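# Structural description and commentary
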Amino acid sequence: MQVTLDTRQTLTDPFLTVPPTPTMTMRGVCKGYGSGSSRIEVLTNINLNLRAGEFLTVVGFSGSGKTTFTKLLAGLEKPDAGTVLFEGQTVTGPGPERGLVFQNYSLLPWLTVRGNIALSVDRVFSNWTKGERRDHVERFIEMVGLKHAAHRRPHELSGGMRQRTSLARTLAMKPKVLLLDEPLSALDALTRSVMQDEILRIWEEEKQTCLMITNDVDEAIVVSDRIVALNPGPNASLGPMFTVDLKRPRDRTELNHDEFFKGLRNAVTNYLVAVRQKAREQVTSHAAAPRVQLPDLVPILSSRPSAMIYNRSAVHG
Ligand SMILES: Nc1ncnc2c1ncn2[C@@H]1O[C@H](COP(=O)(O)OP(=O)(O)OP(=O)(O)O)[C@@H](O)[C@H]1O
Ligand SMILES: [Mg+2]
């Protein structure tokens, strides 16, 4: 008897299809700082798969360990326990395939906006011609709206301008993975919205994988495929994963009237409020977690109509 293989079924059967290797993986990651009585345990047992091509957002409270989390992925910090993998290989240090936008900008003070961006571009694209590199730098200066300030040094820039320079520098390196540590926190609402759209455009165009830290739930929903909460520290662990199954591009005006959007923002926000309340209750008396009333999104840019559904799962993969 001849056995024929039904390739169509083989390819679509979830039990037979091998899932693709995640772009980045964190397995049982723990990280603390200091020693003895000044020791602080920041992150505990972090398990996460950052899937190829996805936009994942981590939301959490100030001081919970978000920057530490990003630095571990970037290879700027080493875990005390567990492993961080990039395409299946242990991360042992920083690499050009993982671009980090720092929360505190980290620009070189003696270089101009143009100089800061060019330094990175010259290093990563050393095989390009001088003209190609120059055009590339100019494109990203223009993209972040700093053409008029390209000759200025960091001390001559506002916080938002420094943040945009830092963002342009990382985006211009075209890393496979974008690690964005609250990259838009110093920007006004209009610029913030423009930059969200720019990040999304580049992420889609370059087919990058993106992990962004934010404390803004609305921003997380507008940009992400998935949102994961980082519980308050010390010993912060990841909370539930929320899937943002929402068509792109997303229309901010429409989202305000979308029941699923409202449900998702309430679910994420109420989770964060409840988990913080629980953390406080461990040191103070019991109190009920307040339900919060959120304002509408402020529509700044419009795009095509969209629909949205969401769901929750405890699996971070
Ligand atoms: N290099 C370090 N040495 C000692 N402690 C550190 C170090 N870096 C961070 N910490 C501590 O680890 C904890 C988490 O810091 P981290 O910067 O990761 O938090 P965060 O969530 O990014 O905060 P924020 O929202 O304010 O940016 C804090 O208590 C901080 O003081
Ligand atoms: Mg931080």
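Residues numbered from 1 in each chain as written. Chains lettered and ligands numbered in written order. Predicted model: local features only at pLDDT ≥ 70, side-chain atom pairs only at ≥ 80, totals over all residues.

Following Gly 233, the chain continues into Pro 234 via a peptide bond in cis, with omega recorded as -5 degrees. The topology assignment puts Pro 234 in the loop between β9 (226-230) and β10 (238-246). Of note, the amide linkage connecting Arg 248 to Pro 249 takes the cis form, showing an omega dihedral of -10 degrees. With respect to the secondary-structure elements, Pro 249 resides in the loop between β10 and α8 (252-255). Even without glycine at this site, Tyr 105 takes up a positive phi of about 70 degrees. Overall, Tyr 105 belongs to the buried group, with 20 C-beta atoms counted inside 10 Å. A positive phi angle is found at Lys 207, which is not glycine, with a value near 50 degrees. Assignment of secondary structure puts Lys 207 in the loop between α6 (189-206) and β8 (209-214). Residue classification places Lys 207 among the exposed positions, given that 9 C-beta atoms sit within 10 Å. (Helix = DSSP H or I, 4+ residues; strand = E, 2+ residues; numbered from the N terminus. Buried ≥ 20, exposed ≤ 12 C-beta atoms within 10 Å, placed from the backbone.)

What follows deals with the site of ligand 1. Around ligand 1 lies a shell of 13 residues, among which Tyr 33, Ser 62, Lys 66, Thr 67 and Thr 68 are the nearest. Listing elements by their share of the shell around ligand 1, those giving two or more residues are β2 (40-50) and α2 (66-74). It is α2 that provides the largest number of residues to the shell around ligand 1, a total of three residues. Looking at the shell around ligand 1, its residues break down into three nonpolar, nine polar and one charged. (Near = placed C-beta within 6 Å. Nonpolar A, V, L, I, M, F, W, Y, C, P; charged D, E, K, R; others polar.)

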